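Geometric and topological summary
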Amino acid sequence: MNILILGAGGREHTFAWKIKQSSHCSQLFTAPGNAGTALCGENINVSVTDFDAVKEICLSRKIDMVVVGPEDPLVMGIYDYFKEDESLKNIILIGPSAAAAQLEGSKAFSKHFMQRHNIPTASYAEFTDANFEEGLQYLQQHSQPIVLKADGLAAGKGVVICETVAEAQKVFTSMIKERQFGEASAKVVIEEFLQGIEVSVFVLTDGKDYKIIGHAKDYKRIGVGDTGLNTGGMGCVSPVPFVNDVFMNKVEKTIIAPTIKGIHEEKLDYKGFVFFGLINVNNEPFVIEYNCRMGDPETEVVLPKLKNDFVELLKAVDKGGLQTCTIETDERACCTVMAVSGGYPGNYKKDIKITGLENVKKENDILIFHAGTKQNNGDILTNGGRVLAVSSFGKNIKEAVDKSTEVLNEISFEGMYFRKDIGYEF
Ligand code: AMP
Ligand code: GLY
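The following refers to the structure shown. The shown structure was predicted, so the numbers you read here are calculated from the model rather than taken from an experiment.

**Considerations on the state of the cysteines**
- Tallying each qualifying case throughout the model produces 0 disulfides.
- Unpaired in terms of disulfides, Cys 58 finds its nearest cysteine sulfur in Cys 25, a separation of 14 Å.

Structure, rendered in structure tokens:
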């Protein structure tokens, strides 16, 4: 099969690395890709939201399967674009329809969905300009802290946790009246704050059956000990020690099974990944959010641990037969540590030369995934905030993290920073 991956991050390099190992893959393309995906196949410089250009690639390269990395094209309807086009409709597209992608694209939609299907989540209310004053009053009665969420996609920045009513009213006003997150904050969801530890669980579904393919804990804050600004993710560990059989059974019974059943009952077309962002509150799992894609950098630990032929699983998602697949995972711990540009998640420079990659000894239990990188005349340059994810296996989390740290000590670029304490609490 000729396969096209859409995206340009560490997640997509990991997809490319894994797909390349499949006996089903003949030619592999990534659009737009990065310097890492270029090692696995051919990069094509096309934006993931330019559907007409993606169509052109599919026809000219005789693509059989498209694997969509980020949420934007999914929420914008790339699945529907393919299904409605005579020349594209037989291409396998891994991802949900626009209607189903609302599980990520609209916080209000996902909260209604969870309510309809009795799925444990924080209690909430939603407000727009039309009931703005009511919202201010609602905040006055609310327990603290208060969680405010822009309804739509806001590049991972649309959630604000406020310690006081006054602060919450200010943020609420700026979201609705000043459109702090553009049209994404025309509607705001106000939520109860849940206290617990977060974990992400990943599922592949054909819209009826599902398979759990892994789980991971993401370290989102920039600073040591989970301090400072939120980022896209500074590192991940898997497995997470508290995710034992008892906890996972609860997750499956109270969250995953009812979600997939809900998707099926509501006739939502969904052939792809479901990312369950969960929180463990006194050993009871609650949904913080759904995403309609894989996580980044969670993918960098989930896929290395997955032993199955990935393309075979993706084919089963399309053609049926997912229920007969057996998921096999590497029992070892896998961790990833992300090297980021100086200044990230604020402003940072790009186009800085990365050195030392060639010195890293090739070992089976260490994988270097590129995130924001690009090739330039034989050099590899930085091209984003998150630059490289180094994933390692170990007999425990500490050993795996130490290996990734050692590798990152060999690599350098001006301003490079990474957390040395990923997995610190385990
Ligand atoms: P998101 O951008 O949707 O991933 O949310 C960002 C972060 O906000 C989550 O990873 C949680 O740490 C936090 N968060 C969101 N909703 C809640 C909630 N109801 N209670 C506590 N923390 C939350
Ligand atoms: N690492 C969090 C995400 O992919 O949304």
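**As for the site of ligand 2**
- Around ligand 2, the surrounding shell consists of Asp 218, Gly 232, Phe 275, Arg 293, Gly 295, Asp 296, Pro 297 and Glu 298.
- Note that a nitrogen atom of ligand 2 is positioned 2.9 Å from one of the side-chain N or O atoms of Glu 298.
- Burial of ligand 2 by the surrounding chains reaches 86%, relative to a free accessible area of 200 Å².
- Taken together, the residues of the shell around ligand 2 sort by class into 2 nonpolar, 2 polar and 4 charged.

**Description of the packing of aromatic side chains**
- A full pass over the atoms with the stated rule returns 15 aromatic pairs.
- Between Tyr 81 and Phe 82 the ring centres are 6.3 Å apart and the planes differ by 55°, which places this aromatic pair in the tilted class.
- On the accessibility criterion, Phe 82 (0% relative accessible area) is buried.
- With a centroid separation of 5.5 Å and an interplanar angle of 85°, the aromatic rings of Phe 242 and Phe 247 are classed as edge-to-face. Of the two residues examined, Phe 242 and Phe 247, each falls in the buried class.
- Within the aromatic cluster, the residues linked to one another by ring pairs are Phe 127, Phe 132, Tyr 138 and Phe 172.
- Taking NZ or CZ as reference, Lys 177 lies 4.6 Å from the ring centre of Phe 132, over its face.
- The ring of Phe 418 carries Lys 420 above its face, with NZ or CZ at 4.7 Å from the centroid.

**A few points about the site of ligand 1**
- Near ligand 1 lie 15 residues; those nearest to it are Glu 191, Leu 194, Glu 198, Lys 220 and Glu 289.
- Contact between ligand 1 and Glu 191: a nitrogen atom at 2.7 Å from a side-chain N or O atom of the residue.
- Within the side chain of Glu 289, a nitrogen or oxygen atom sits 2.8 Å from an oxygen atom of ligand 1.
- For ligand 1, whose unbound accessible area comes to 480 Å², protein coverage reaches 89%.
- Of all the secondary structure elements, the ones that give two or more residues to the shell around ligand 1 are strand 7 (146-150), strand 8 (159-162), strand 9 (188-192) and strand 16 (284-291).
- Partitioned by chemical class, the residues of the shell around ligand 1 number 7 nonpolar, 1 polar and 7 charged.

**A word on the sheet that holds strand 8**
- Taken in spatial order, the 4 strands line up as 6-9-7-8 in an open sheet, and their pairing is antiparallel. In this open sheet, the two edge strands, each paired with only one partner strand, are strand 6 (124-127) and strand 8. The average undirected angle you get between the axes of adjacent strands in this sheet is 20°.
- Here strand 6 runs beside strand 9; their pairing, made up of 4 bridges, is antiparallel. Note that in strand 9 the partner of Ala 125 across the bridge is Ile 190.
- Sitting on the sheet, helix 8 (residues 165-176) is in contact with strand 6, strand 7, strand 8 and strand 9, with an inclination near 5° to strand 7.

**Some words on the side chain of Thr 121**
- Mapped onto the fold, Thr 121 is located in the loop between helix 6 (107-116) and strand 6.
- For Thr 121, a relative accessible area of 18% gives the class buried.
- Here Lys 111 takes part through its side chain, which lies 2.8 Å from a polar atom of the side chain of Thr 121.
- Among the polar contacts made by the side chain of Thr 121, one reaches the main-chain carbonyl oxygen of Val 287 at a distance of 2.8 Å.
- With residues near it in sequence (within four places) discarded, Thr 121 still touches Lys 111, Met 114, Phe 286 and Val 287.

**Details of empty space enclosed by the protein**
- According to the stated counting rule, one finds 1 cavity of 30 Å³ or more in the structure shown.
- If you trace the largest cavity, you find it lined by Lys 107, Ser 110, Lys 111, Met 114, Lys 149, Glu 191, Ile 288 and Glu 289.
- Looking at the lining of the largest cavity, its residues break down into 2 nonpolar, 1 polar and 5 charged.

**Things to note about the packing of helix 5 (residues 98-105) against helix 6**
- Two elements in contact, helix 5 and helix 6, have axes separated by 6 Å at closest approach and are oriented at 100°. Comparing the axis directions of helix 5 and helix 6 gives the class roughly perpendicular. Note on element contacts: helix 6 touches helix 5 through Lys 107, Phe 109, Ser 110 and Phe 113, opposite Ala 99, Gln 102, Leu 103 and Gly 105.
- The residue inventory of the contact of helix 5 with helix 6, partitioned by class, reads 4 nonpolar, 3 polar and 1 charged.

**Regarding the packing of helix 7 (residues 132-141) against helix 8**
- The N-to-C vectors of helix 7 and helix 8 enclose an angle of 160°; their axes lie 9 Å apart at closest approach. Comparing their axes, helix 8 and helix 7 come out roughly antiparallel. Regarding helix 7 and helix 8, the two cross each other, and that crossing is right-handed. Facing Phe 132, Gly 135, Leu 136, Leu 139 and Gln 140 of helix 7, the residues of helix 8 in contact are Val 165, Ala 168, Gln 169, Phe 172, Thr 173 and Ile 176.
- Its residues assigned to classes, the contact of helix 7 with helix 8 comprises 7 nonpolar, 4 polar and no charged.

Scoring rules and cut-offs
Residues numbered from 1 in each chain as written. Chains lettered and ligands numbered in written order. Predicted model: local features only at pLDDT ≥ 70, side-chain atom pairs only at ≥ 80, totals over all residues. Heavy atoms only, no water. Disulfide = S-S within 2.5 Å. Near = heavy atom within 4 Å. Polar contact = N/O pair within 3.5 Å; in protein donor to acceptor, adjacent residues only side chain to side chain. Areas by Shrake-Rupley, 256 points an atom, 1.4 Å probe, with all protein chains shown as cover. Nonpolar A, V, L, I, M, F, W, Y, C, P; charged D, E, K, R; others polar. Phe/Tyr/Trp six-rings, centres within 6.5 Å; stacked < 30°, edge-to-face > 60°. Buried < 20%, exposed > 50% of the residue type's maximum accessible area, 1.4 Å probe, protein only. Lys NZ or Arg CZ within 6 Å of the ring centre and 35° of its normal. Helix = DSSP H or I, 4+ residues; strand = E, 2+ residues; numbered from the N terminus. Pairing = 2+ DSSP bridges. Axes fitted to C-alpha atoms, helices over the stretch in contact; angles between N-to-C directions. Contact = heavy atoms within 4.5 Å. 1 Å grid on protein atoms, 1.4 Å probe; cavity = no way out; pocket = protein on both sides within 12 Å on 5 of 7 lines; lining within 4 Å. Points joined across faces, edges and corners; volume = space filled by probe spheres on them. Parallel < 35°, antiparallel > 145°, perpendicular 65-115°, else oblique. Left-handed = near helix turned anticlockwise from the far one by under 90°.

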